[in-house]
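Here are the chains, one letter per residue:
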Amino acid sequence: MGELSVSKAVLRRKSVRAFRPAPVANEIIADVLARATRAPSGGNLQPWRLFVLNGDSMARFTALMETRLAENPLGEPPQYEVYPPSLKEPYRTRRFEVGEAMYAHLGIPRADKFARLQWLQNNDRFFGAPAAAFCFTDRIMGLPQWSDLGMMLQTAMLLFTEQGIDTCPQESWSRWPQTVAGFVGAPPELMLFCGLAIGYADAGAAVNRLVTARAAAAEVITFL
Ligand SMILES: Cc1cc2nc3c(=O)[nH]c(=O)nc-3n(C[C@H](O)[C@H](O)[C@H](O)COP(=O)(O)O)c2cc1C
């Protein structure tokens, strides 16, 4: 692997939501994440803190999540809002469309709320990925530093793509802040941003055939 152009990696990366059980070596994850920390951050604060689950730790976490899901399928009180409370246009439609496209691939009709809820719980199982990372930041950090987390995560996802490894960033973990912090042993000053599922795509899974749209460049880029 390697030698993938940045352009190709950007095009090839997509969110994968069904993984094969094939393991990913800790050495590869350690190498990719270490290199991802070359991402820029304002003032070089490097406000990220990562915890990796793999092998035995993933098995223990998955078992814990099954217990938690049985007790409390809706999760814990989130510590931040994933979306603004009332999305306006054009964001509302964009969000609606990606959801519809995903459920169409899954063959789940709009009215089948139960099937949708069941599907959502796949998030809580990292979509079957053998490995994952949790990204935290210090609670004192604000909007600029949260954007730094995104830069590091996209750098990591592109480097994983270069290794032929697939990912899904997951804000859904905002519904399990206590469980995640407790499991990884995060000190109280750290706040969970998201999870990152890491593994090899199940090429046969219909959900992985979803290719998301983007707004036309002219809608979001203005030259003066
Ligand atoms: C920070 C972040 C959090 C996300 N959280 C979730 C999530 O919890 N569950 C999920 O299925 N997808 C999640 N996604 C994936 C987005 O839905 C996806 O990036 C978007 O639809 C574009 O598709 P693509 O990644 O395949 O290009 C997240 C993406 C980002 C950047």
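Rules of the game
- Residues numbered from 1 in each chain as written.
- Predicted model: local features only at pLDDT ≥ 70, side-chain atom pairs only at ≥ 80, totals over all residues.
- Heavy atoms only, no water.
- Axes fitted to C-alpha atoms, helices over the stretch in contact; angles between N-to-C directions.
- Helix = DSSP H or I, 4+ residues; strand = E, 2+ residues; numbered from the N terminus.
- Parallel < 35°, antiparallel > 145°, perpendicular 65-115°, else oblique.
- Left-handed = near helix turned anticlockwise from the far one by under 90°.
- Contact = heavy atoms within 4.5 Å.
- Nonpolar A, V, L, I, M, F, W, Y, C, P; charged D, E, K, R; others polar.
- Phe/Tyr/Trp six-rings, centres within 6.5 Å; stacked < 30°, edge-to-face > 60°.
- Buried < 20%, exposed > 50% of the residue type's maximum accessible area, 1.4 Å probe, protein only.
- Lys NZ or Arg CZ within 6 Å of the ring centre and 35° of its normal.
- Near = heavy atom within 4 Å.
- Polar contact = N/O pair within 3.5 Å; in protein donor to acceptor, adjacent residues only side chain to side chain.
- Areas by Shrake-Rupley, 256 points an atom, 1.4 Å probe, with all protein chains shown as cover.
- Salt bridge = Lys/Arg side-chain N within 4 Å of Asp/Glu carboxyl O.
- Arc of directions from axis to C-beta.

Caption draft 1: Highlighting the packing of helix 3 (residues 56-71) against helix 7 (residues 177-184). Close contact between helix 3 and helix 7 brings their axes to 11 Å; oriented N to C, the two are set at 150°. Comparing their axes, helix 7 and helix 3 come out roughly antiparallel. As for the relative orientation of helix 3 and helix 7, their crossing is right-handed in sense. The segment helix 3 lies against helix 7, with Ser 57, Arg 60, Phe 61, Leu 64, Met 65 and Arg 68 engaging Thr 179, Val 180 and Phe 183. Each residue belonging to the contact of helix 3 with helix 7 can be placed in one class, and the counts come to five nonpolar, two polar and two charged.

Caption draft 2: Highlighting the packing of helix 2 (residues 26-36) against helix 6 (residues 143-162). Contact geometry of helix 2 with helix 6 gives a least axis separation of 8 Å together with a crossing angle of 140°. Here helix 6 runs oblique to helix 2, going by the angle between their axes. The two elements helix 2 and helix 6 meet at a crossing, and its hand is right-handed. On the side of helix 2, the interface is formed by Ile 29, Val 32, Leu 33, Arg 35 and Ala 36, while helix 6 contributes Met 152, Thr 155, Ala 156, Leu 159, Phe 160 and Glu 162. Considering only residue class, the contact of helix 2 with helix 6 consists of eight nonpolar, one polar and two charged.

Caption draft 3: Representation of the packing of aromatic side chains. For the coordinates displayed, the defined rule picks out 12 aromatic pairs. Taking the centre distance of 5.2 Å and the plane angle of 75° together, the rings of Phe 51 and Phe 136 count as edge-to-face. Taken together, the residues Phe 51 in strand 2 (residues 48-54) and Phe 136 in strand 3 (residues 131-138) connect sequence positions 85 residues apart. Of the two residues, Phe 51 and Phe 136, both sit in the buried class. Geometrically, the ring pair formed by Trp 146 and Phe 193 is edge-to-face, given 5.2 Å between the ring centres and 65° between the ring planes. You can see Trp 146 sitting in helix 6 and its partner Phe 193 sitting in strand 5 (residues 190-201), a full 47 residues away along the chain. Each member of the pair, Trp 146 together with Phe 193, is buried. One aromatic cluster is present, built from ring pairs that chain together Phe 61, Phe 126, Phe 134, Trp 173 and Phe 183. Geometry around Phe 51 places Arg 49 over its ring, the cationic atom sitting 4.5 Å from the centre.

Caption draft 4: View of the site of the ligand. Around the ligand sit 15 residues, and of these Ser 15, Arg 17, Asn 123, Glu 171 and Arg 214 come closest. One nitrogen or oxygen atom from the side chain of Arg 17 is found 2.6 Å from an oxygen atom belonging to the ligand. Note that an oxygen atom of the ligand is positioned 2.9 Å from one of the backbone N or O atoms of Ser 172. Starting from 610 Å² of accessible surface for the ligand in isolation, the protein chains cover 73%. Ranked by the residues each element gives to the shell around the ligand, the list is headed by strand 4 (residues 166-170), at three residues. Of the residues contributing to the shell around the ligand, the split by class is five nonpolar, five polar and five charged.

Caption draft 5: Spatial organisation of the pattern of salt bridges. Within this structure, the stated rule accounts for seven salt bridges. Arg 116 is the partner of Glu 100 in a salt bridge, and the nearest nitrogen-oxygen pair spans 3.5 Å. One end of the pair, Glu 100, is in helix 4 (residues 91-106); the other, Arg 116, is in helix 5 (residues 113-120), with 16 residues separating them in the sequence. Of the residues examined, Glu 100 reaches a relative accessible area of 24% and is grouped as partly exposed. You can call Arg 116 buried: its relative accessible area is 13%. Sharing partners across several salt bridges, the network here consists of Glu 100, Arg 110 and Arg 116.

Caption draft 6: Layout of helix 2. Listed as buried for helix 2 are Ile 29, Val 32, Leu 33 and Ala 36. Buried residues of helix 2, viewed axially, fall in a sector of 95°; they line one side. Of the surrounding elements, those touching the buried residues of helix 2 are strand 2, strand 3, helix 6 and strand 5.

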